[in-house]
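Architecture and fold: a report
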Amino acid sequence: MKALIPLLLLLAVAFSQNIPTFSPASDVFNATEFSNWIISKAGAKELRVKPGTYSVVASIYRGGGIFPLFIYNVQDLTVSFDDVTLIFTDWTKGGLVLDNCTNVVIRGLTSTYSIPTSSQAKVVNITQVPNNTNRYWVDMQVVPGFLSRFFWGEPGVPGYGYVFNGTTLQPYQPSYETQLANLQTTQSLSSDNTTFRWLIAARQINNKLVVGDYVAVRGFFSQLYNTNRCTNISFIDITVYQCGGLAWSNLGGDGGHLYQRIAIRYGPPPIPNGMTPLITCSADGIHFIGAKRGPTVIDSLFEGMQDDGINLKGIFANVSAIRGNVYDMLYSGQSTSPTWVVGDRLRLYNSRYAPYGYATIVNITFIAGRNWNPSVALDVTSAVRDLISVGDIITNLDRQNRGFLIKNNTFRVHRARAMMVKASDGIISHNIINSTSLGGILINPERAVFVEADYSQNLIIENNSIYNAGFFAEAGSIAVFVTSNSGIIPDAGGFVNITIRNNLIVSSVRDNIKVQSGVNISIYNNTIVGPLSMNYPAVDLYNVANALVDDNCVMNATSASAVLIRTNGTFSGQINGGVTFCNGPIPVFPPSPWDPQPTSSTSSSTSGSIRPSDTQTSTPTIIEESDAIVLLPLAMAAMIMLLIM
């Protein structure tokens, strides 16, 4: 029997470890071969990639010619990239697209680009234009390892530069953005355009831009990971160092995706001994559009992006024509293709964004020559039908990312908002938000530059810690409101059942807690640490009905003009203890689990932020397919011998 032990172990290894493994022959990862290899493994439950660092090449790009890696029409599959780093070599392209997939897990992948997808330059000289006190020449030198072309009006590159303090390498506060609208006045000071001169208005200097500072610009817009028409996709233990636009995007489908321990974080310098990129991704961390179920985002890190950490949104449509119970609709602004289907429930609004009824789609067709704009037949009561007019607004309650969870995440030092939520039936809890320039937690449908739905219902915002939010513009720490070109603040009733409790808000630059156009609003047990001002009270309510405001504490207000609570427009509810000044020690803003952790003399050192504690077991030894060809016959022989014994 003892002689059989090695064979039995071999048998166990062969059967437990016989997981098909994609093994590049060199440090080049052929994305097209990999995608076709996945197709060839139809029916497999788990696939792996051999650990290593690879440069990605491709002969075919899917998803509109953007993605070198593609997984289509797959279900019940785990793809493990444990200990794999992919370096994408084309900064104009994305990474991976999944289309029409269900129950797929992508695990363990680290990705970056061989050339940074953003750029940055150092200010080397500032001189006033002769005889013009309103204009300055700013000379800059592109940092080695970064592209100069993003400073010269590259198509698809947003026209703004973001100024960073040359000593701290942190964005100035208030945040400072300089428009690149004067590109026609840009002068090259070197043959390779790496040294150049900008003409900038004196007001943009603003005593902030000095020699030694850095100006960073976004790169060419693309998407890194895209899910389209998918259900229950999981991204687990994924690290992103660079991307030209959205790190993750989702369009339609049943949704319900999981993002667990994902990290958008500052990566290594592009060249040895070089400078770390000041920008990670040029747009949102997660951009989630029009799914039936919202995502679960937990234990993750979002830092250094140039737009929102998380954006959950649907679509507003305008009624353009009425023919009986058939309504032509137009999607306007920057909305994308709809995924509305028969049976979906709709909510109806007048032109002032006030809700007045509901309907159900009983038939849907698309209007010829008008792209994605549909013509829908609605099942609606006669009372509501009489109210519908051309110009009214319709949203789809069943394509609004309902039932989402955003918990235990860290958002820090990035442009825009930690999260922009236009979804319902969700929980936002235990997140750490530090220095997000346009705000912290915004519940904010828009009908302005962007046209994104909808009002939120049944939300709990609790136990979040928010520091220094809104230091550029727009909003502060927690804000529930509508953005529109007209500036209308709709009557109470758009937002329904919103609870804001047990949050810590520290040094909010603008609003602390603001709610507009809501009904059944509860705000209690929040701690707000000043300073406060007359313009931005602790709690600011406008057109709110049936509100409960109780036991909120303000500390370190500092200003005699500080306002604890303000109500405007129409208001009804109970303020009770409302908002009061409190004594005692000021709460300590909590550290992030992604902060660098101290290491003992016997442990390996770490640099930068690290993952929270990881319960995942160690990766088993990989047995490649060629090995299995040898091992399986031996294992079968062991089984036969065991039976004979």
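Scroll up to find the structure this text is about.
Below is a short write-up of the structure. What you see is a predicted model; the values in this text were computed from it and never measured.

Definitions and cut-offs
Residues numbered from 1 in each chain as written. Predicted model: local features only at pLDDT ≥ 70, side-chain atom pairs only at ≥ 80, totals over all residues. Heavy atoms only, no water. Helix = DSSP H or I, 4+ residues; strand = E, 2+ residues; numbered from the N terminus. Buried < 20%, exposed > 50% of the residue type's maximum accessible area, 1.4 Å probe, protein only. Contact = heavy atoms within 4.5 Å. Areas by Shrake-Rupley, 256 points an atom, 1.4 Å probe, with all protein chains shown as cover. Pairing = 2+ DSSP bridges. Polar contact = N/O pair within 3.5 Å; in protein donor to acceptor, adjacent residues only side chain to side chain. Core = buried A, V, L, I, M, F, W, Y, C linked by side-chain atoms within 4.5 Å. Disulfide = S-S within 2.5 Å. Salt bridge = Lys/Arg side-chain N within 4 Å of Asp/Glu carboxyl O. Phe/Tyr/Trp six-rings, centres within 6.5 Å; stacked < 30°, edge-to-face > 60°. Lys NZ or Arg CZ within 6 Å of the ring centre and 35° of its normal.

1. Here's the deal with the overall build of the protein chain
Counting its secondary structure elements, the protein chain contains 5 helices and 51 strands. The proportion of buried residues among the 645 residues of the protein chain is 53%. Across the protein chain, every contact between residues at least 6 apart in sequence was considered, and the portion connecting residues at least 24 apart equals 74%. When the accessible surface of the protein chain is summed, it comes to about 25,900 Å², and 53% of that surface belongs to carbon and sulfur atoms.

2. Here's the deal with the pairing of strand 36 (residues 432–436)
Of all 5 residues in strand 36, 4 are buried, a share of seventy percent or more. Bridge count for strand 33 (residues 410–414) against strand 36 is 4 bridges, and the pairing is parallel. Bridging from a neighbouring strand, Thr410 pairs with Ile432 of strand 36.

3. Looking at unusual backbone geometry
With an omega of 15°, the peptide bond between Ala453 and Asp454 qualifies as cis. Within the secondary structure layout, Asp454 lies in the loop between strand 39 (451–453) and strand 40 (457–462). The backbone of Arg229 shows a phi angle near 60°, a positive value even though the residue is not glycine. Tracing the chain through its elements places Arg229 in the loop between strand 16 (223–228) and strand 17 (231–236). Look at Arg229 and you get partly exposed, because its relative accessible area is 46%. Look at His430: it is not a glycine, yet its phi comes out positive at around 55°. With respect to the helices and strands, His430 occurs in the loop between strand 35 (426–429) and strand 36. On the accessibility criterion, His430 (38% relative accessible area) is partly exposed.

4. Observations regarding the pairing of strand 16
Of all 6 residues making up strand 16, 5 are buried, and the element is well covered by its neighbours. By the bridge criterion, 4 bridges tie strand 7 (residues 96–99) to strand 16 in an arrangement that is parallel. Bridge pairing in strand 16 links Val97 to Asn226. Bridge analysis of strand 16 against strand 19 (residues 246–251) gives 5 bridges, and the strand direction is parallel. Considered in strand 19, the bridge of Tyr225 is made with Trp248.

5. Points about helix 2 (residues 31–40)
Burial in helix 2 covers these residues: Ala31, Thr32, Phe34, Ser35, Trp37 and Ile38. Where helix 2 starts, the residue carrying a side-chain oxygen 3.1 Å from the main-chain nitrogen of Thr32 turns out to be Asn30.

6. What about the nonpolar core?
Counting residues in hydrophobic clusters, the biggest one holds 121 residues, and the most contacted among them are Phe34, Leu86, Phe235 and Trp248. The leading source of residues in this core is strand 6 (residues 75–88), at 6 residues. For Trp248, the residues in contact, after removing those within four places along its chain, are Tyr225, Phe235, Ile238, Val240, Tyr259, Ile262, Ile264, Gly285, Ile286 and His287.

7. Concerning the state of the cysteines
In this structure the tally under the stated criterion is 2 disulfides. Put simply, Cys243 and Cys281 are joined by a disulfide, and their sulfur atoms are 2.0 Å apart. In this structure, the disulfide formed by Cys243 and Cys281 twists by about 130° around the S-S bond and is classed as right-handed. Here Cys243, found in the loop between strand 18 (239–240) and strand 19, pairs with Cys281, found in the loop between strand 21 (263–264) and strand 22 (286–289); they are 38 residues apart in sequence, far enough to count as distant. For the residue pair Cys243 and Cys281, the accessibility class agrees, reading buried in each case.

8. Considerations on the side chain of Asn512
Along the polypeptide, Asn512 turns up in the loop between strand 45 (504–506) and strand 46 (513–524). Look at Asn512 and you get buried, because its relative accessible area is 1%. In this structure the side chain of Asn512 is engaged in a polar contact, spanning 3.2 Å, whose partner is the backbone oxygen of Pro537. Those residues in contact with Asn512, other than ones at most four positions away along the chain, are Ser477, Ile478, Ile505, Ile528, Leu532, Tyr536, Pro537 and Ala538.

9. A few points about the environment of Gly391
For Gly391, the position within the fold is in the loop between helix 4 (382–385) and strand 31 (393–396). Given a relative accessible area of 31%, Gly391 falls into the partly exposed group. Distance from Gly391 to Asn318, taken between C-alpha atoms, is 5.6 Å for residues 73 residues apart in sequence. If we skip the residues at most four places from it in the chain, Gly391 touches Asn318, Val319 and Ser351.

10. Notes on the pattern of salt bridges
Evaluated as defined, the whole model comprises 19 salt bridges. For Arg345, the salt bridge goes to Asp398, with nearest N and O atoms at 2.8 Å. Note that Arg345 is positioned in strand 28 (residues 345–349) and Asp398 in the loop between strand 31 and strand 32 (405–407), a separation of 53 residues in sequence. Each of the salt bridges in this network shares a partner with another, and the network as a whole consists of Glu46, Arg48, Asp82 and Arg107.

11. Things to note about the environment of Val142
Assignment of secondary structure puts Val142 in strand 10 (residues 135–142). In the structure, Val142 is positioned 53 residues away from Thr195 in sequence and 6.3 Å away in space, judged by C-alpha atoms. With near-sequence residues (within four places) excluded, Val142 lies in contact with Ser119, Gln120, Ala121, Leu147, Ser148, Phe151, Asn193, Thr194 and Phe196.

12. Digging into the packing of aromatic side chains
Scanning the model with the defined rule gives 21 aromatic pairs in all. Aromatic pair Phe70 and Tyr72: ring centres 5.8 Å apart, planes at 50°, arrangement tilted. Look at Tyr225 and Phe235: their rings are 5.7 Å apart centre to centre, the planes differ by 45°, and that puts the pair in the tilted class. In this pair, Tyr225 is assigned in strand 16 and Phe235 in strand 17, connecting sequence segments 10 residues apart. In this pair, the class of Tyr225 matches that of Phe235, namely buried. What links up through ring pairs into an aromatic cluster is the set Phe22, Phe29, Phe34, Trp37, Tyr54 and Phe81. Above the ring of Tyr61, the side-chain terminus of Lys93 is found at 5.0 Å from the ring centroid. The ring of Phe481 has Lys514 sitting right over it, with the charged end atom 4.2 Å from the ring centre.

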